[in-house]
Amino acid sequence: MIAYKNDWLNNLQVQQQLEEAAAKNYISKEEKAAAIAAYSSGFYTPNIFIRTGLFILTVVIALFSIGLMALTLSGRGGENIFGGLLLFFSAASYAALELMVRQKHHYKSGTDDALLWITGTCIICGFNLITEISATGNMMILFVIGTCFFLRFANAIMGILVPIAFLSIVFLSMGNAGNFSKTATPFILMLLAAVIYFVSKYLLKQQPCSSYKSPLTFMKITALIMIYAAGNYYAVSEASLQLFHQQQEAAIPFGWLFWFLTFFIPIVYIFRGLQKKDIVLLRVGLLLLAAIVFTVKYYYALAPIEIEMALGGSILIVIAYALVQYLQQPKYGFTSTSPADQQMSDKLNIEALIIAETYDGVQEGNNAINFGGGGFGGGGAIGDF
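Residues numbered from 1 in each chain as written. Predicted model: local features only at pLDDT ≥ 70, side-chain atom pairs only at ≥ 80, totals over all residues. Heavy atoms only, no water.

Peer 1: What is the right way to read the overall build of the protein chain from this model?
Peer 2: Each helix and strand counted, the protein chain has 14 helices and zero strands in total. For the protein chain, the succession of helices and strands along the chain, N to C, is α-α-α-α-α-α-α-α-α-α-α-α-α-α. For the protein chain, buried positions account for 34% of its 385 residues. Nonlocal contacts in the protein chain, meaning residues at least 24 apart in sequence, comprise 67% of its contacts between residues at least 6 apart. (Helix = DSSP H or I, 4+ residues; strand = E, 2+ residues; numbered from the N terminus. Buried < 20%, exposed > 50% of the residue type's maximum accessible area, 1.4 Å probe, protein only. Contact = heavy atoms within 4.5 Å.)

Here it is as structure tokens:
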């Protein structure tokens, strides 16, 4: 289903592992070059500057094209005509995207990124101009488009948009579910986000899903953040105010539980990240510590903001410096150094690959050379060897 050639995608992963192995001096430059030549990829993937330039250029061309067609059709209709034009342009952009990927072999070149976003934006804007669509309807359109682009092009950003769109659909739908939804919505969202997290975590370990590593990783991170957002006291309070038109001063149901979850979830993330050596859990947990501070600060002013920021920054600097010094030598599987490869457990696989590709095959014997001259030998052999 993915638009890119799987063999080339696999070769890109091998090349990345080779680069990491060479950076750690596990293989020589000659060995790396020989293996990369054997595992070449035909994708067009320029550097970040050219990629950015191609992205901007493609967007500018698209805007000029839409503007030119809009001027041609001006005076022939209102929003419906322009909406239909956007839908037509979305189809043309998607056709161009497929052409650039399948025929020109663009992969993260900037052009394919721009065409993907232009296609999705034109579809959403086109439908909204043709007919009035609710917020739930827009989330459904975004979910469908994001899922298609996720599966077809393994776009990393779609790994963020798809779970957000799905959970938004559930959240907006619960607004019409009665009083029960006021209490149940946060827990339902937490449960669904947890399911998304464990599914994405499981799929990341499956070899057929190796081409989707980036979007699945982003989906995993997004699910962790959404679990916390659904249990954060501030987020639940504001959502109740907006969705259920609850009074600002009214207490939310199970408020004490959401205060507990506000502090408890990041601590669980950090603890499990340290326990399982899971860098995603650890980083998300550390990031959410800032959310705890923001939530407490929003409801309780402990000191002037300048003093709080200065004191908090000083404490973090001291803690960071102490940890860096303490982990100069690896302890309990942690280190303050920055390894180039986070998966050096694959080192033996890389070395086997190098050996296989550098010495690809046993040299064939010269048929003109004959050994011995006897008419028979051990084991019943006769004639030439």
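Next comes the rest of the description.
Peer 1: Would you mind going over the packing of helix α11 (residues 255–276) against helix α12 (residues 279–299) with me for this structure?
Peer 2: The interhelical angle for the contact between α11 and α12, taken along N-to-C directions, is 160°, at an axis separation of 8 Å. Relative to α12, the element α11 is oriented roughly antiparallel. Regarding α11 and α12, the two cross each other, and that crossing is left-handed. Judged by residue contacts, Trp259, Thr262, Phe263, Pro266, Tyr269, Ile270, Arg272, Gly273 and Leu274 of α11 engage Leu281, Leu282, Val284, Gly285, Leu286, Leu288, Leu289, Ile292, Thr295, Val296 and Tyr299 from α12. Partitioning the contact of α11 with α12 into residue classes produces 15 nonpolar, four polar and one charged. (Axes fitted to C-alpha atoms, helices over the stretch in contact; angles between N-to-C directions. Parallel < 35°, antiparallel > 145°, perpendicular 65-115°, else oblique. Left-handed = near helix turned anticlockwise from the far one by under 90°. Nonpolar A, V, L, I, M, F, W, Y, C, P; charged D, E, K, R; others polar.)

Peer 1: What is the right way to read the nonpolar core from this model?
Peer 2: One broad rule of soluble globular proteins: the nonpolar side chains tend to lie buried together. Formed by 53 residues in total, the largest nonpolar core has its most connected members in Tyr4, Phe153, Leu224, Ile227, Ile265 and Tyr269. Sort the elements by how many residues they give to this core and helix α9 (residues 213–231) lands first, with seven residues. Every residue in contact with Ile227, bar those within four places of it in the chain, is listed here: Met190, Ala193, Ala194, Ile265 and Tyr269. (Core = buried A, V, L, I, M, F, W, Y, C linked by side-chain atoms within 4.5 Å.)

Peer 1: I keep staring at α11 and nothing clicks. Help me out?
Peer 2: Three or four residues apart is the spacing at which side chains of an α-helix point the same way, because the helix has 3.6 residues per turn. With 22 residues, α11 extends 31 Å from end C-alpha to end C-alpha; this agrees with the ideal 32 Å at 1.5 Å per step. Helix geometry: α11 is bent most strongly at Leu261, by close to 30°. Buried residues of α11: Gly255, Leu257, Phe258, Trp259, Leu261, Thr262, Ile265, Pro266, Tyr269, Ile270 and Gly273, and no others. Once α11 finishes, Lys277 follows within two positions and takes phi at roughly 55°, a positive value. (Expected span 1.5 Å × (residues − 1). Bend = angle between axes of the 7 residues up to and from the residue.)

Peer 1: Can you help me understand the state of the cysteines in this one?
Peer 2: Covalently bonding the sulfur atom of one cysteine to the sulfur atom of another cysteine gives a disulfide. Tallied over the entire structure, the rule returns zero disulfides. Unpaired in this structure, Cys125 has its nearest cysteine sulfur neighbour in Cys122, at a distance of 6.9 Å. (Disulfide = S-S within 2.5 Å.)

Peer 1: It is not clear to me how the layout of surface pockets should be interpreted in this structure. Could you clarify?
Peer 2: The rolling of a water-molecule-sized probe over the atoms marks out the regions of remaining empty space. Considered as a void within the structure, the second largest pocket measures approximately 570 Å³ in volume. In terms of lining residues, the second largest pocket is bounded by 17 residues, among which Leu289, Val293, Phe294, Glu308 and Gly312 are the most central. Mapped by element, the contributors of at least two residues to the lining of the second largest pocket are α12 and α13 (305–326). Counting residues per element, the lining of the second largest pocket draws most heavily on α13, at eight residues. (1 Å grid on protein atoms, 1.4 Å probe; cavity = no way out; pocket = protein on both sides within 12 Å on 5 of 7 lines; lining within 4 Å. Points joined across faces, edges and corners; volume = space filled by probe spheres on them.)

Peer 1: How should the environment of Ala223 be read in this particular structure?
Peer 2: Residue placement: Ala223 occurs in helix α9. Distance in space between the C-alpha atoms of Ala223 and Leu192 is 8.8 Å, their sequence separation being 31 residues. Here Ala223 is in contact with Ala193, Ile196 and Tyr197, once residues within four sequence places are set aside.

Peer 1: Help me understand the packing of aromatic side chains, please; the structure alone is not making it clear to me.
Peer 2: The full count for this structure, using the stated rule, is 20 aromatic pairs. Judged by centre distance (5.4 Å) and plane angle (90°), the rings of Tyr234 and Phe294 are edge-to-face. Linking Tyr234 in helix α10 (residues 233–243) with Phe294 in helix α12, this pair joins segments that are 60 residues apart in sequence. Residue Tyr234 is classed as partly exposed on the basis of its relative accessible area, which comes to 23%. Since its relative accessible area comes to 46%, Phe294 is described here as partly exposed. Here the aromatic cluster, defined as three or more aromatic residues joined through ring pairs, consists of Tyr4, Trp8, Phe43, Tyr94, Tyr107, Phe149 and Phe153. Directly above the aromatic system of Trp8 lies the positively charged group of Lys5, at a separation of 4.4 Å from the ring centroid. (Phe/Tyr/Trp six-rings, centres within 6.5 Å; stacked < 30°, edge-to-face > 60°. Lys NZ or Arg CZ within 6 Å of the ring centre and 35° of its normal.)

Peer 1: Would you explain the packing of helix α7 (residues 158–173) against α9 in this entry?
Peer 2: To characterise two packed helices, one gives the angle between the axes of the helices and the distance between these axes. In the contact formed by α7 and α9, the axes pass within 7 Å of each other and the chain directions differ by 40°. Taken together, the axis directions place α7 and α9 in an arrangement best described as oblique. Our pair here, α7 against α9, has a crossing hand that is right-handed. Contacts between α7 and α9 pair Gly159, Ile160, Val162, Pro163, Ile164 and Leu167 from the former with Pro215, Phe218, Met219, Thr222 and Met226 from the latter. Among the residues making up the contact of α7 with α9, the classes are represented as nine nonpolar, two polar and no charged.

Peer 1: Can you walk me through the side chain of Thr119 in this structure?
Peer 2: Relative to the helices and strands, Thr119 is located in helix α5 (residues 111–130). Non-local contacts of Thr119, meaning those with residues more than four positions away in its chain, are made with Ser90, Ser93, Tyr94 and Phe149.

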